[in-house]
Amino acid sequence: MSMIADFYGGKSILITGATGFLGKVLMEKLFRTSPDLRVIYILVRPKAGQTLQQRVFQILNSKLFEKVKEVCPNVHEKIRAISADLNQNDFAISMQDMQELLSYTDIIFHCAATVRFDDHLRHAVQLNVTATQQLLLMASQMPNLEAFIHISTAFSNCNLKHIDEVIYPCPVEPKKIIDSMEWLDDAIIDEITPKLIGDRPNTYTYTKALGEMVVQQESGKLNIAIIRPSIVGATWQEPFPGWVDNINGPTGLIVAAGKGFLRSIRATPMAVADLIPADIVVNLTLAVGWYTAVHRPKSTLIYHCTSGNLNPCNWGKMGIQVLATFEKIPLERAFRRPKADFTTNNVTTQYWNAVSHRAPAIIYDFYLRLTGRKPRMTKLMNRLLRTLSMLEYFINRSWEWSTYNTEMLMSKLSPEDQRVFNFDVRQLNWLEYIENYVLGVKKYLLKEDMAGIPEAKQHLKRLRNIHYLFNTALFLIAWRLLIARSQVARNVWFFIVSFCYKFLSYFRASSTLKV
Ligand SMILES: CCCCCCCCCCCCCCCCCCCCCC(=O)SCCNC(=O)CCNC(=O)[C@H](O)C(C)(C)COP(=O)(O)OP(=O)(O)OC[C@H]1O[C@@H](n2cnc3c(N)ncnc32)[C@H](O)[C@@H]1OP(=O)(O)O
Ligand SMILES: NC(=O)C1=CN([C@@H]2O[C@H](COP(=O)(O)OP(=O)(O)OC[C@H]3O[C@@H](n4cnc5c(N)ncnc54)[C@H](OP(=O)(O)O)[C@@H]3O)[C@@H](O)[C@H]2O)C=CC1
């Protein structure tokens, strides 16, 4: 019997960010392993023309939840979507809903955040800091609350090289930042943002660090734990391998490489690719929820959910495996053949960006214009290059995260819990995982049919022929121009032609003699 699964039975659980990548995997696992839980409250905002109910319906009817329906057929009744916007005061939750949440919630998993690297500081502070503060305030009014689990990121202190499972203070107090966001105008905020974020690369990592400080400062009598995952990737095993449904982190680049847009990337092949599968993060999160509620540690414990120190993989190995998988299982309607390389300095990066990214996009857009269609490739390529520039910071450095608390927790689990809530990253085989990740991108994110693989391979062959044809034509044109302008080139050309002629004549003569 799993102690953790048993613990969540009969519980009322509040999840923020349940419609996000991690939140969905968390909800799925909870329903699958503890189908007798009382209710999961999720804070949801209407989005993209969909009502709350439509959003929940879509999630529950997705492939991810197929197994849940077998073990928990009444899952629709156990999920209670509460209209909320974390950008608003009191999250714009109705009085009645708020009363229900305050009266019944036993556990909180706070996953909601803005994960955009380029978010305006005001918005990032609102969601990653102020909303966390408000949620803690709500939590302090919940008489039954047993644990508050805050999801942060391993990169909240990415300005350090070695990171321990402790909270590192930021120079300016979060309360001061929250206050200043209320009266400073956008232009001034823009001006002070670089000074505030200091040696962090973006507003995301900075505000996640502030969020942790808020958790520490406002914890009061609450039972709190913080989880810091590194780069969350597709699922490893559960509910099935390779599940992913958004383009964050490496996923977007995997798509770009598979479709042939991404040809070169400024990365350090030997740098550690600290990827962590979403199901490992979720298993650790649920184990932490149980441990925090049952064992009530005296202080707020921080758990690093990383792979680098226990089972390292590097970007070079990952890139090679991504491309090897695309050889066997290509994506449909690729722009060019999947073929990419790492560059390590600015000059080569600029060169390959011009030759392999910008030039083909301009040529393709010219072709689209000629055929009366709207050009779009240059815009797409600019977006890819912007994304690459934002991710570069993370793929050219390595960090060391200590994992004492995570390993301590592993040792506290029963053998059954170690199996059901497995977060032992040492068991992960990277090559197999990356292959399944790439397959998952094709199947679950791009929704491509596996039956289309022969056609996709055919398409790649056509692209290869076009590539050869194009290169040959380009060579001939360049050569023709050169011959017209240079005596040396003309001499070389006559030499080659006469050599070929002599060789052919000799060959013809010797074969005639043999007959
Ligand atoms: C040998 C070579 C091999 C090569 C093989 C290559 C593979 C191997 C190499 C791998 C190296 C990996 C490195 C990873 C490092 C990660 C480090 C993370 C560390 C921190 C981790 C964390 O702690 S935290 C989570 C991470 N946080 C993000 O990773 C957000 C980032 N990102 C943004 O900050 C914004 O993305 C940014 C960029 C501003 C652009 O912003 P942007 O405005 O230009 O573009 P958008 O993102 O808005 O979206 C653009 C279009 O995608 C559409 N779209 C959006 N979402 C969608 C969805 N879910 N499904 C479908 N489509 C979606 C959208 O609808 C747009 O389409 P449309 O134009 O048609 O509307
Ligand atoms: N993905 C990763 O690589 C990593 C993620 N993390 C952390 O894990 C957590 C989850 O990340 P992930 O699932 O990837 O992120 P997603 O972007 O997929 O999900 C974010 C969630 O927050 C919700 N949200 C955002 N703004 C609001 C708002 N104003 N009101 C209500 N809900 C809102 C979103 O709702 P909606 O669907 O309506 O937009 C969504 O459910 C975050 O705290 C992140 O910092 C940490 C390390 C790595």
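Residues numbered from 1 in each chain as written. Chains lettered and ligands numbered in written order. Predicted model: local features only at pLDDT ≥ 70, side-chain atom pairs only at ≥ 80, totals over all residues. Heavy atoms only, no water.

A.B. asks: Mind showing me how you'd approach the UniProt feature "domain: Fatty acyl-CoA reductase C-terminal" (unreviewed entry) in the protein chain here?
C.D. replies: Within this numbering scheme, the UniProt entry marks residues 357–448 as carrying the feature "domain: Fatty acyl-CoA reductase C-terminal" (unreviewed entry). For residues 357–448, helix accounts for 70% and strand for 2%, while the C-alpha atoms at its two ends are 25 Å apart. (UniProt positions renumbered as here; feature names shortened; annotations may be inferred. Helix = DSSP H or I, 4+ residues; strand = E, 2+ residues; numbered from the N terminus.)

A.B. asks: Explanation requested: empty space enclosed by the protein in the structure shown.
C.D. replies: In this approach the atoms are scanned with a rolling probe the size of a water molecule, which exposes any empty space left behind. All chains considered together, the criterion is met by three cavities of 30 Å³ or more. Its boundaries defined by the atoms lining it, the largest cavity holds a volume of some 70 Å³. Looking at the lining of the largest cavity, the elements with two or more residues in it are helix H12 (278–295), strand S11 (301–305) and helix H16 (404–412). Among the residues forming the lining of the largest cavity, the class breakdown is eight nonpolar, three polar and one charged. Considering only enclosed or pocket space, the second largest cavity measures out at about 40 Å³ in volume. The class makeup of the residues in the lining of the second largest cavity is six nonpolar, one polar and two charged. (1 Å grid on protein atoms, 1.4 Å probe; cavity = no way out; pocket = protein on both sides within 12 Å on 5 of 7 lines; lining within 4 Å. Points joined across faces, edges and corners; volume = space filled by probe spheres on them. Nonpolar A, V, L, I, M, F, W, Y, C, P; charged D, E, K, R; others polar.)

A.B. asks: Explanation requested: the site of ligand 1 in the structure shown.
C.D. replies: Surrounding ligand 1, one finds 28 residues, the nearest of these being Arg116, Phe117, Thr153, Gly249 and Arg383. One of the backbone nitrogen or oxygen atoms of valine 115 is found 3.2 Å away from a nitrogen atom of ligand 1. At a separation of 2.8 Å, an oxygen atom of ligand 1 approaches a polar backbone atom of phenylalanine 117. When ligand 1 sits alone it has 1500 Å² of accessible area, and the protein chains cover 74% of it. (Near = heavy atom within 4 Å. Polar contact = N/O pair within 3.5 Å; in protein donor to acceptor, adjacent residues only side chain to side chain. Areas by Shrake-Rupley, 256 points an atom, 1.4 Å probe, with all protein chains shown as cover.)

A.B. asks: Looking at this model, I keep getting lost on the layout of surface pockets. Mind explaining?
C.D. replies: By volume, the second largest pocket amounts to about 900 Å³. Lining of the second largest pocket is provided by 26 residues; of these, Arg263, Arg336, Pro360, His467 and Phe470 occupy positions nearest its centre. Counting only elements with at least two residues in the lining of the second largest pocket, the list comes to strand S12 (341–343), helix H14 (346–370) and helix H19 (453–485). If you tally residues by element for the lining of the second largest pocket, the top one is H14, at nine residues.

A.B. asks: When you look at the packing of aromatic side chains in this model, what are you seeing that I'm missing?
C.D. replies: Aromatic ring pairs are described here by two measures, namely the spacing of the ring centres and the angle between the planes. What the rule picks out here adds up to 23 aromatic pairs. A ring pair is formed by tyrosine 8 and phenylalanine 109, whose centres lie 6.2 Å apart and whose planes are at 45 degrees; its orientation type is tilted. Taken as a pair, tyrosine 8 in helix H1 (residues 3–8) and phenylalanine 109 in strand S4 (residues 107–110) lie far apart in primary sequence, 101 residues in all. Since its relative accessible area comes to 0%, phenylalanine 109 is described here as buried. Aromatic side chains phenylalanine 117 and tyrosine 204 sit 5.8 Å apart centroid to centroid with 45 degrees between the ring planes, which places their arrangement in the tilted category. Of this pair, phenylalanine 117 sits in the loop between S4 and helix H7 (121–140) while tyrosine 204 sits in helix H10 (residues 203–218), and the two are 87 residues apart along the sequence. (Phe/Tyr/Trp six-rings, centres within 6.5 Å; stacked < 30°, edge-to-face > 60°. Buried < 20%, exposed > 50% of the residue type's maximum accessible area, 1.4 Å probe, protein only.)

A.B. asks: I'm lost on a nonpolar patch on the surface in this one. Help?
C.D. replies: Judged by side-chain polarity, Val488, Val492, Trp493, Phe494, Phe495, Ile496, Val497, Phe499, Phe503 and Leu504 come together as a nonpolar surface patch covering roughly 1000 Å² of accessible area. As for its placement among the helices and strands, phenylalanine 499 is situated in helix H20 (residues 487–514). With a relative accessible area of 52%, phenylalanine 499 lands in the exposed category. (Patch = residues over 30% accessible without salt bridge, like charges linked within 9 Å, V, L, I, M, F, W, Y side chains within 5 Å. Salt bridge = Lys/Arg side-chain N within 4 Å of Asp/Glu carboxyl O.)

A.B. asks: What exactly am I supposed to notice about the site of ligand 2 here?
C.D. replies: Contacts to ligand 2 come from 27 residues, most closely from Thr19, Lys47, Arg55, Tyr204 and Lys208. Take phenylalanine 21: an N or O atom from its main chain is 2.9 Å from an oxygen atom of ligand 2. Between isoleucine 151 and ligand 2, the recorded distance is 3.4 Å, taken from a backbone N or O atom to an oxygen atom. For ligand 2, whose accessible area on its own is 890 Å², the fraction buried by protein is 91%. Secondary structure elements with two or more residues in the shell around ligand 2: helix H2 (21–33), H10 and strand S8 (231–233). Here the shell around ligand 2 is built from residues that sort into 14 nonpolar, eight polar and five charged.

A.B. asks: Is there a simple way to explain the pattern of salt bridges in this structure?
C.D. replies: Two side chains that carry opposite charge are able to pair once their charged atoms sit near each other. On inspection of all chains with the given rule, the structure shows 21 salt bridges. One salt bridge connects lysine 63 with glutamate 66, and the closest N-O pair in it is separated by 3.3 Å. A relative accessible area of 37% means that lysine 63 is categorised as partly exposed. Looking at glutamate 66, the relative accessible area reads 44%, which means it is partly exposed. With its nearest N and O atoms 3.1 Å apart, the salt bridge here joins glutamate 416 to arginine 419. Within this pair, glutamate 416 and its partner arginine 419 are both found in helix H17 (residues 415–420), separated by three residues, close to a single helical turn. Connected through shared salt-bridge partners, Glu28, Lys29, Arg32 and Glu238 make up one network.

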